[in-house]
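Each chain is listed here by its residues.
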Amino acid sequence: MENTILHKADTRGIANHGWLESKHTFSFANYHNPERMHFGVLRVLNDDRVNAAMGFGTHPHDNMEIISIPLEGDLEHKDSMGNTTVIKSGDIQIMSAGTGVFHSEYNKNSDQPVKFLQIWVYPNQRNVSPRYDQITMDVADRKNKFQQILSPNQDDAGVWIHQDAWFNMGNFDKDVATEYKSNKAGNGVYVFLLKGEATIGDQKLETRDGFGIWNTDSFTITANTADTEILLMEVPMSL
């Protein structure tokens with residue numbers, strides 16, 4: 001397929017700090033791959049596993065839209081805006097770092113790891129006022145269809161960010177085919193297969209594979225296994 005890029009799960013960068021195991025789809029920290037700096041404005045896609053009662057100490061960010069999607073366990077968030085919250089599977093967390101914010105993320109559980117996706121998107125506005133939000137989605141609404149979890153619009157489904165980006169998640173039975181239509185011309189879509197196997201065109205994707213596609217208005221993705229879980233991240237392709 002033209003205008004596509006495949007990132008197999010086992011080609012990601014790996015950082016193992018003992019308390020944290022992180023797999024990096026794009027260059028991050030000590031993992032640097034000049035061919036994997038970003039996909040459009042999608043800058044970071046980290047697949048994190050944090051040991052019980054461990055976490056990221058207080059640290060700063062600015063001018064980045066930071067999205068966390070918990071997959072297992074409970075993650076406690078604290079920040080310099082005065083927020084102290086816990087997010088868990090089914091929740092979506094957004095932090096617009098803007099002019100600058102400090103935050104920490106800790107595994108709330110003392111008996112099990114927490115697993116979550118940490119995603120960074122370049123904003124379309126710099127130096128905005130920092131902002132934090134989280135919502136709980138009804139996971140049943142993504143059965144055999146895509147559920148919007150993020151958009152640029154405050155009054156739309158999911159959280160919103162300072163960028164013309166739309167994220168969707170879906171859980172699919174075997175052989176279910178779904179067409180995805182882009183929301184904005186010029187955007188690309190990065191597909192991240194959380195679980196199972198799927199096919200786009202003649203490209204087979206397996207668990208934790210990433211697949212970017214651009215210069216197309218729509219595409220069809222077919223689940224090849226039962227309980228296939230997919231994350232779609234539609235983003236502008238120009239920085």
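Among the nonpolar cores identified, the biggest contains 27 residues, and Ile69, Ile119, Phe167 and Leu231 are the most heavily contacted of them. The set of elements that each furnish at least two residues to this core consists of strand S4 (42-50), strand S6 (65-72), strand S9 (91-96), strand S11 (114-121), strand S13 (147-151), strand S15 (166-172), strand S17 (187-195) and strand S22 (228-236). For Phe167, the residues in contact, after removing those within four places along its chain, are Ile67, Ile119, Val121, Gln147, Gln148, Ile149, Leu150, Leu232, Met233, Glu234 and Val235. Listed in part, the 17 residues of the second largest apolar core include Val189, Ala198, Ile200 and Leu232.

At Asp175, a position not held by glycine, the phi torsion is positive, near 75 degrees. Along the chain, the position of Asp175 falls in the loop between S15 and strand S16 (177-181). Even without glycine at this site, Arg208 takes up a positive phi of about 70 degrees. For Arg208, the location among the structural elements is in the loop between strand S19 (203-205) and strand S20 (210-213). Take Arg208: its relative accessible area is 19%, and that puts it in the buried class.

Attention shifts here to the pairing of S20. Burial along S20 is two-sided: Gly210 and Gly212 and Phe211 and Ile213, pointing in opposite directions, are all buried. Two elements, strand S1 (residues 4-7) and S20, share 4 bridges in a ladder whose sense is antiparallel. Within S20, the position partnered with Leu6 by the bridge is Phe211. Examined bridge by bridge, S17 and S20 share 4 bridges and lie antiparallel to one another.

Moving on: the pattern of salt bridges. One pass over the structure, following the stated rule, counts 11 salt bridges. One salt bridge in this structure joins Glu76 and Lys108, with 3.3 Å as the shortest N-O distance. Taken together, the residues Glu76 in strand S7 (residues 74-79) and Lys108 in the loop between strand S10 (101-107) and S11 connect sequence positions 32 residues apart. On the basis of relative accessible area, Glu76 is assigned to the buried category, the value being 19%. Overall, Lys108 belongs to the partly exposed group, its relative accessible area being 46%. Across the pair Lys184 and Asp164 runs a salt bridge whose closest N-O atoms are separated by 2.5 Å. Residue Lys184 is found in the loop between S16 and S17, and its partner Asp164 is found in the loop between strand S14 (159-160) and S15; the two are separated by 20 residues along the sequence. Taking the relative accessible area as the measure of exposure, Asp164 reaches 23% and is therefore partly exposed. A network of salt bridges, in which partner residues are shared, links Lys8, Glu206 and Asp209.

To continue, consider the sheet that holds S7. In space, the 4 strands of this open sheet follow the order S5-S10-S7-S8, with antiparallel pairing throughout. Pairing within the sheet leaves two strands with one partner each, and these edge strands are strand S5 (55-61) and strand S8 (84-88). Going from strand to strand, the sheet's axes swing by 20 degrees on average, the running direction of each strand aside. Inspection of the sheet shows S5 paired to S10 by 5 bridges, in the antiparallel sense. Among the inter-strand pairings, Phe56 is bridged to a residue of S10, identified as Glu105.

Spatially, the 7 strands line up as an open sheet ordered S1-S20-S17-S22-S15-S13-S14, and their pairing is mixed. Each edge of the open sheet is held by one strand with a lone partner, namely S1 and S14. Bridge analysis of S13 against S15 gives 3 bridges, and the strand direction is antiparallel. The partner of Leu150 across the bridge, within S15, is Phe167.

Attention now moves to the packing of aromatic side chains. All told, the structure shown has 8 aromatic pairs when counted by the stated rule. For the ring pair Phe56 and Phe116, a centre distance of 6.3 Å and an interplane angle of 85 degrees mean the geometry is edge-to-face. Here Phe56, found in strand S5, pairs with Phe116, found in strand S11; they are 60 residues apart in sequence, far enough to count as distant. Across this residue pair, the class does not change: Phe56 and Phe116 are buried. We note Arg131 situated over the ring of Trp160; from NZ or CZ to the ring centre the distance is 3.6 Å.

About the criteria used
- Along each chain, the written sequence defines residue order, and numbers are assigned to residues from 1.
- Predicted model: local features are reported for residues with pLDDT of at least 70 only, side-chain atom pairs are reported and counted for 80 or more only, and whole-chain, interface and lining totals are derived from all residues.
- Excluding hydrogens and water, the side-chain values take into account all heavy atoms of the structure.
- Joining through side-chain atoms within 4.5 Å is the link that ties buried Ala, Val, Leu, Ile, Met, Phe, Trp, Tyr and Cys residues into a set, and such a set is a nonpolar core.
- Categorising residues by exposure relies on relative accessible area from a 1.4 Å probe, with only protein chains included: less than 20% of the type maximum marks a residue as buried, more than 50% marks it as exposed, and the intermediate range marks it as partly exposed.
- Runs of E in the DSSP output that reach at least two residues are strands. Runs of H or I that reach at least four are helices, and both are numbered from the N terminus.
- Residues count as neighbours in contact if any of their non-hydrogen atoms are within 4.5 Å of one another.
- Here the rule is simple: two strands pair whenever DSSP picks up at least two bridges between them.
- Salt bridge criterion: a side-chain nitrogen from Lys or Arg within 4 Å of a carboxyl oxygen from Asp or Glu.
- Axis geometry follows a simple rule: fit a line to the C-alpha atoms, using only the stretch in contact for helices, then measure angles between N-to-C directions, giving values from 0 to 180 degrees.
- Stacked, edge-to-face and tilted labels apply to pairs of Phe, Tyr and Trp rings (six-membered ring for Trp) whose centres lie within 6.5 Å, assigned for plane angles under 30 degrees, over 60, and everything in between, in that order.
- Criterion for a charge above a ring: Arg CZ or Lys NZ at most 6 Å from the ring centre, at most 35 degrees from the ring normal.

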